[in-house]
Amino acid sequence: MHKFNIVFMRNYLLHLKSKSFIALLVTPIISILITAGIGGLVASSTSSFNNYQVAVVGDSSVKSELVSKDKDSIDTSIKSESTAKKELKKDNIDGYIKVSKENNQYKINFFGSSSLDSDVKTDLLSIVNQKQAQINVKTSNVTSEQYKQLSVKPAFKSSVTDKEKKQNDDQKSNANSSSIYVLIFISYFFTIIYASIMSTTIAKEKGTKISEVIFSSVSPSTYFSGKVGAVIALMATQMVIYTGAGVIAYFILNMYPLFNSLFASQHVLISTFIGNIFSINLLFILVGFVISIVLAAICGSLSANVEGAAKSSQPLVFLILFIFVISLNFVNDGFSDSIFSQVGSYIPLFSSFLMPIRLINHDANFFEGIISLLISIAFITFVTYKFSNVYKLFMLNSEEGSFFKRIKSALNNK
Amino acid sequence: MNNVSFEAKDGQILGLIGQNGAGKSTTFHSILRFIEFEGKITFNNHEISVKDFNEIGYLPEERSLFEDLTIESQITYFAELKGRDKKWVKERIDSWLKRFEVKGEAKDKIKSLSKGNQQKVQLICTLIHEPKLVILDEPFSGLDPVNADLLKKEIIRTKENGAAIIFSSHDMNNVEELCDHVVMLRNGNVVLNGSVDEIRNQFGKKHVFVTTDMSVNELLSLDGIQEVIARGANRYKITLTDEEYGKALFNAVSHGEYIEEFSQQPPTLDEIFREKAVAKHA
């Protein structure tokens with residue numbers, strides 16, 4: 001265990017400090033920030049154009065109530081009609097509302113370059129109607145009972161619940177398909193990237209005598225496990241960093257009203273999406289990564305030298321690409337329960353793509369997921385154990401020639 | 001490899017010699033369990049296994065280091081794999097770099113060093129953990145005479161600390177100078193096995209280095225003379241058909257008088273190596 005830790009830590013830190021990993025880590029974040037920045041610039045330029053602002057002058061009680069309802073649309077800095085006129089002339093506001101009261105009657109005048117915003121108008125009329133009603137009650141000398149009678153309103157029942165339910169269902173459906181796509185794409189890109197890192201790392205030591213020095217110090221299985229473990233930990237680090245960044249971004253964005261209302265309106269989509277990602281599906285992705293990394297290590301050890309690492313890992317890359325393309329055909333609910341998808345969801349590596357699709361689409365239950373997961377874990381254990389026994393032979397073999405010739409030559413040294 | 005058997009004793013240096021392909025590296029690979037074999041290799045009275053690797057230092061024939069690491073991290077990493085504590089190693093690195101006269105600082109990258117200095121770092125990696133068994137595959141190749149002397153000093157120092165050392169070399173002068181015991185392999189078979197003196201004496205003291213006024217023809221006319229090679233003015237190297245003719249030769253060239261040089265010696269290891277290598281083709 002001690003030597004495993006040494007190999008693991010040395011390889012992990014080496015990868016972690018490498019420029020390529022930092023680039024791999026930062027590039028997607030920068031891309032997102034640039035995209036968001038461009039989007040933000042576009043939004044701010046258009047929003048500054050569209051930002052509707054009016055001033056309210058006159059009756060202070062109406063103004064304060066309107067401000068409490070339409071804070072974003074009211075420019076509270078303007079206190080007098082003369083200032084409002086000047087600001088309107090300068091085109092700094094879209095208009096101003098003048099509220100006055102004469103002979104127990106509220107009078108509202110709007111002066112603007114365009115019509116008064118309908119939301120502001122509704123809120124304004126609601127406030128003023130209420131105040132006018134109070135004055136009317138006072139001046140008409142009606143009793144409280146009569147006032148109650150006069151205040152009876154027509155019954156109004158909202159059927160918004162059904163609509164909400166439908167909206168929620170739509171959001172869930174959208175969340176399911178988007179989370180499937182996200183899972184598949186994450187699986188594909190991370191698998192390809194880390195398989196490449198793993199095969200190159202292993203192949204770097206091929207064609208040199210460094211393997212001899214290493215195997216004169218540590219058992220091949222310990223060394224192999226340490227190296228593979230380091231790459232898995234590296235990948236986990238990247239995922240943890242992204243998850244952390246995502247959580248921090250969520251809380252920061254949630255402080256802005258625009259995003260706050262967006263998150264609130266889309267909470268079903270967001271919670272379903274997160275629920276789909278951070279569940280057994282994530283384990284499938286991780287297991288898929290581990291299988292790919294182990295297979296990539298085998299490919300790397302079969303290359304003649306580091307230059308041949310990419311060539312040696314081609315069969316694995318093609319296999320992952322094949323599974324990726326195939327799985328895209330099963331994303332939609334209804335297709336994901338075909339016989340191919342059913343069988344594939346129990347085959348290691350295929351299952352990392354296909355089983356999450358079936359689980360999200362409710363074509364497979366949790367128990368089936370666990371069985372598929374156990375099959376993959378058993379596969380990893382078997383392959384790692386078997387390969388760590390011949391890893392030394394592959395690494396110490398410097399035979400040139402075809403892929404199969406190198407395998408034969410390595411095994412002949414046994 | 002067939003019936004190869006030899007012993008490397010504590011505090012002794014064993015030279016493994018033989019032509020290319022004779023089986024030297026295969027022997028090392030067998031000791032280190034890189035390859036499977038029939039037979040038994042023991043270390044401290046038990047069959048050698050991966051558990052013993054902490055007490056073994058190995059220098060492969062071709063040098064190889066992680067070029068992106070610093071000298072310090074390279075040495076520390078290999079020593080840690082040999083079971084040494086990081087702190088223990090770091091305390092010793094500077095003195096090792098000084099002893100080997102490595103041109104560079106501990107924080108320098110391996111790739112910034114010259115080939116010779118990289119080789120010294122590799123030797124430090126092999127020896128710093130104070131192994132009990134040291135295997136050096138062609139340790140002198142690529143080293144200039146000054147650096148070869150530095151390595152010899154360290155090999156002797158390691159031997160004096162009680163380690164058993166096995167090294168292979170094509171330079172018989174180094175083998176003769178350093179080794180207590182020599183094993184020669186040919187086509188996977190042991191053809192010589194013994195101390196340097198034992199092996200040389202096996203071949204008889206047939207070589208005579210002499211300074212005399214006699215001519216080559218006069219010397220060749222004497223009994224038991226196989227070959228005469230002139231080494232300079234009046235200086236010859238004479239090969240006898242049998243070492244017993246040495247006394248008669250001495251009498252013939254000295255006539256009972258003082259002579260400047262007469263030395264009867266067994267063949268050098270280099271000569272024996274060539275003879276044995278030629279015998280392969282006979």
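Not measured: the values here are computed from a predicted model.

A. A look at the packing of aromatic side chains. All names here are of chain A. Applying the stated criterion across every chain yields a total of 27 aromatic pairs over all chains. With centroids separated by 5.8 Å and ring planes inclined at 15°, the aromatic side chains of Phe-330 and Phe-340 adopt a geometry described as stacked. Within this pair, whereas Phe-330 is found in the loop between helix H14 (314–328) and helix H15 (339–344), its partner Phe-340 is found in helix H15, the two being separated by ten residues in sequence. Relative accessible area serves as the criterion here: at 12%, Phe-330 is assigned to the buried category.

B. Spatial organisation of the pairing of strand E1 (residues 54–58) of chain A. All names here are of chain A. Of all the five residues making up E1, four are buried; the element is thus mostly covered by neighbouring parts of the structure. The pairing of E1 with strand E2 (residues 95–102) spans five bridges and is parallel. Within E2, the position partnered with Val-57 by the bridge is Lys-98.

C. Structural context of the sheet that holds E2 of chain A. Residues and elements named next belong to chain A. Here we have three strands laid out as an open sheet, ordered E1-E2-E3, and mixed in their pairing. Every other strand in the sheet has two partners, leaving E1 and strand E3 (105–112) as the edge strands with one partner each. Here the strands of the sheet are splayed against their neighbours by 20° on average, with no regard to which way each runs. Strands E1, E2 and E3 of the sheet are contacted by helix H3 (residues 60–69), whose axis makes an angle of about 155° with E1. Along the sheet, helix H4 (residues 81–89) makes contact with E1, E2 and E3, crossing E2 at roughly 155°.

D. A look at the sheet that holds strand E11 (residues 235–240) of chain B. Residue and element names in this part refer to chain B. Taken in spatial order, the four strands line up as E10-E11-E9-E12 in an open sheet, and their pairing is antiparallel. Where the open sheet ends on each side, the last strands, each with one partner, are strand E10 (225–232) and strand E12 (261–265). Adjacent strand axes in the sheet meet at a mean angle of 15°, parallel and antiparallel pairs treated alike. In terms of strand pairing, strand E9 (residues 207–211) meets E12 through five bridges, oriented antiparallel. Looking across to E12, one finds that His-207 is bridged to Gln-265. Relative to E12, helix H9 (residues 246–254) is tilted by about 170°, and along the sheet it contacts E9, E10, E11 and E12.

E. Summary view of the interface of chain B and chain A. With 23 residues of chain B in contact, the opposing surface of chain A contributes 24 residues. Both sides of the chain B and chain A interface together cover about 2,100 Å² of buried area, and 66% of this is carbon and sulfur. If you sort the residues of chain B by the area they bury against chain A, Phe-34, Tyr-77 and Leu-81 of chain B come out on top, with a joint share of 30%. On the surface where chain B and chain A come into contact, there are zero salt bridges. At the junction of chain B with chain A, the criterion picks out eight residue pairs in polar contact (both at pLDDT 80 or more). For the side of chain B that touches chain A, the element with the highest residue contribution is helix H2 (residues 71–81) of chain B, accounting for four residues.

F. A look at the packing of helix H12 (residues 280–302) of chain A against helix H16 (residues 350–360) of chain A. Residues and elements named next belong to chain A. Two numbers describe how H12 lies on H16: the axes approach to 8 Å, and their chain directions differ by 170°. On the basis of their axis angle, the class for H12 and H16 is roughly antiparallel. For the pair formed by H12 and H16, the contact residues are Ile-280, Asn-281, Phe-284, Val-287 and Gly-288 on the first element and Ser-351, Ser-352, Met-355, Pro-356, Leu-359 and Ile-360 on the second. Class assignment of the residues belonging to the contact of H12 with H16 gives a composition of seven nonpolar, four polar and no charged.

G. Highlighting the domain arrangement of chain A. For chain A, the domain assignment lists domain 1 (51–151) and domain 2 (170–412). With centres defined by C-alpha atoms, the gap from domain 1 of chain A to domain 2 of chain A works out at 62 Å.

H. Summary view of unusual backbone geometry. Residue and element names in this part refer to chain B. In the Ramachandran plot, Asn-3 falls in the positive-phi region, its phi being about 50° despite a non-glycine side chain. Take Asn-3: it is sitting in the segment before strand E1 (13–18). On the accessibility criterion, Asn-3 (79% relative accessible area) is exposed. One non-glycine residue with positive phi stands out, namely His-255, at about 50°. In this fold, His-255 is placed in the loop between H9 and E12.

Cut-offs used in this document
- Residue indices follow the written sequence of each chain, beginning from 1 at its first position.
- All chains are assigned letters beginning at A, and all ligands numbers beginning at 1, according to the order in which they are written.
- With the structure being a predicted model, the display of local features is reserved for residues of pLDDT at least 70 and the display and counting of side-chain atom pairs for 80 or more, all residues being used for whole-chain, interface and lining totals.
- Think of the side-chain values as coming from all heavy atoms in the structure, minus any hydrogens and water.
- Geometry of aromatic contacts follows a simple scheme: Phe, Tyr and Trp rings, the Trp one being its six-membered ring, pair when their centres are within 6.5 Å, and the pair is stacked under 30 degrees between planes, edge-to-face over 60, tilted otherwise.
- Helical segments are the DSSP runs of H or I of at least four residues, strand segments are the runs of E of at least two, and each set is numbered from the N terminus.
- Burial classes: relative accessible area under 20% of the type maximum marks a residue as buried, over 50% as exposed, and values in between as partly exposed (1.4 Å probe, protein chains only).
- The pairing criterion for strands is at least two bridges between them, as found by DSSP.
- Each axis is a line fitted through C-alpha atoms, and for a helix only the stretch in contact is used; angles between axes span 0 to 180 degrees, taken between their N-to-C directions.
- Working rule for contacts: check all heavy atoms of both residues, and any pair within 4.5 Å makes them a contact.
- Summed over both partners, the accessible area lost on bringing two parts together, with a 1.4 Å probe, is the buried area.
- Salt bridges are defined as contacts in which a side-chain nitrogen from Lys or Arg sits within 4 Å of a carboxyl oxygen from Asp or Glu.
- Here a polar contact means two N or O atoms within 3.5 Å. Within protein one must be a hydrogen donor candidate and the other an acceptor candidate, and residues neighboring in sequence count only if both atoms are side-chain atoms.
- We call two directions roughly parallel when the angle between them is under 35 degrees, roughly antiparallel when it is over 145, roughly perpendicular when it lies between 65 and 115, and oblique otherwise.
- Three classes are used: nonpolar for Ala, Val, Leu, Ile, Met, Phe, Trp, Tyr, Cys and Pro, charged for Asp, Glu, Lys and Arg, and polar for all others, with Gly counted as polar.
- Residue ranges assigned to the domains are those given by an automatic or database domain assignment.

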